[in-house]
Amino acid sequence: MGLNTVETYVFWNMHETAPGKFDFSGQNDIAEFIREAQQEGLFVIPRPGPYICAEWDFGGLPAWLLREPGMVVRSRNPQFMAAATRWFHRLGKELAPLQSANGGPIIAVQVENEYGSFGADHEYMEQIHHLVVDSGFDKAMLYTADGADELENGSLAELPAVINFGSGDAKTEFAKLDKLRPNARG
């Protein structure tokens, strides 16, 4: 089929089972998965969130976040940002060395996931963007992804924006992207 890239969610709740307790062993060894993809000739796009998708329990956020008083997930809430910082910095130790500029297969990293369907706090998105960079993901393309109707809420002007759509009318969805980002598709 000519496919050369695989993208993968990185499940925070699978890797940080309790605050500060990380597991990147066995089936949770995401770095090994990425190295094996490279051995098969594939590029990789990790999607580490912090929120990853509605299809996964609590969007991949660790349930222990809910036990912290005053916690507000997917926000600039100090407790959430402290936990997200710990997560991304630890993940960076595992995956940042595997960026393509270092000889690895990681060519891009998604910043958050479909945030525009949840909110429109661009300051939060900027914090997550900088957190991803500060965690070592500074040699791969960073991007955001949203449905075309939510793109304005969840994207950042300085990052490429990807649109997600199911089996709908792709022509209409791309027209929406072209309206918001006239030069995005060059």
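Residues numbered from 1 in each chain as written. Predicted model: local features only at pLDDT ≥ 70, side-chain atom pairs only at ≥ 80, totals over all residues. Heavy atoms only, no water.

A.B. asks: Whenever I open this one, the sheet that holds strand β6 (residues 141-147) confuses me. Can you help?
C.D. replies: By way of backbone hydrogen bonds, the strands of a sheet pair with one another, either parallel or antiparallel. Taken together, 3 strands build an open sheet; the order of strands is β5-β6-β7 and the sheet is parallel. Edge positions in the sheet fall to β5 (108-110) and β7 (161-164), since each has one partner strand and no second. For this sheet the average axis-to-axis angle between neighbouring strands, irrespective of direction, equals 40°. Alignment of β5 against β6, held across 3 bridges, turns out to be parallel. By the bridge assignment, valine 109 is partnered in β6 with leucine 142. (Pairing = 2+ DSSP bridges. Helix = DSSP H or I, 4+ residues; strand = E, 2+ residues; numbered from the N terminus. Axes fitted to C-alpha atoms, helices over the stretch in contact; angles between N-to-C directions.)

A.B. asks: Teacher, can you tell me more about the nonpolar core here?
C.D. replies: As a rule of thumb, soluble globular proteins bury nonpolar side chains together. Within the largest apolar cluster, 38 residues are counted, with the highest numbers of intra-cluster contacts made by Trp12, Leu65, Phe80 and Leu95. Where this core is concerned, the elements lending two or more residues are α2 (30-39), α3 (78-95) and α4 (122-134). Here this core takes 8 residues from α3, the largest share from any one element. Other than its neighbours up to four places away in sequence, phenylalanine 80 contacts Trp12, Pro50, Leu61, Leu65, Met71, Val72, Val73, Arg74, Ser75 and Tyr124. (Core = buried A, V, L, I, M, F, W, Y, C linked by side-chain atoms within 4.5 Å. Buried < 20%, exposed > 50% of the residue type's maximum accessible area, 1.4 Å probe, protein only. Contact = heavy atoms within 4.5 Å.)

A.B. asks: In this structure, what is going on with the packing of α3 against α4? I would like to understand it.
C.D. replies: Two measures define how a pair of helices packs: the angle their axes make with one another and the distance between the axes. Where α3 contacts α4, the axes come no closer than 9 Å and their chain directions differ by 30°. Classified by the angle their axes make, α3 and α4 are roughly parallel. The two elements α3 and α4 meet at a crossing, and its hand is right-handed. Facing α3, whose interface residues are Phe80, Met81, Ala84, Thr85, Phe88 and His89, α4 presents Tyr124, Gln127, Ile128, Leu131, Val132 and Asp134. The residue makeup of the contact of α3 with α4, split by class, is 8 nonpolar, 3 polar and 1 charged. (Parallel < 35°, antiparallel > 145°, perpendicular 65-115°, else oblique. Left-handed = near helix turned anticlockwise from the far one by under 90°. Nonpolar A, V, L, I, M, F, W, Y, C, P; charged D, E, K, R; others polar.)

A.B. asks: Explain the pattern of salt bridges here, please?
C.D. replies: It is possible for side chains of opposite charge to pair when their charged atoms get near one another. One pass over the structure, following the stated rule, counts 9 salt bridges. We note a salt bridge from arginine 86 to glutamate 16, for which the minimum N-O separation is 2.6 Å. In this pair, arginine 86 sits in helix α3 while glutamate 16 sits in strand β2 (residues 16-18), placing the two residues 70 residues apart along the sequence. Given a relative accessible area of 0%, glutamate 16 falls into the buried group. Note that arginine 76 is salt-bridged to aspartate 121, the shortest N-O span being 2.8 Å. Of this pair, arginine 76 sits in the loop between β4 (43-47) and α3 while aspartate 121 sits in the loop between β5 and α4; the two residues are 45 residues apart in sequence, bridging distant segments of the chain. With a relative accessible area of 38%, arginine 76 lands in the partly exposed category. (Salt bridge = Lys/Arg side-chain N within 4 Å of Asp/Glu carboxyl O.)

A.B. asks: Explain the packing of α2 against α3 here, please?
C.D. replies: Here α2 crosses α3 at 35°, and the two axes come no closer than 9 Å. In this structure, α2 crosses over α3, and the sense of that crossing is right-handed. Of the residues in α3, those in contact with Ile30, Ala31 and Ile34 of α2 are Leu91, Glu94 and Leu95. Along the lines of polarity and charge, the residues of the contact of α2 with α3 split into 5 nonpolar, no polar and 1 charged.

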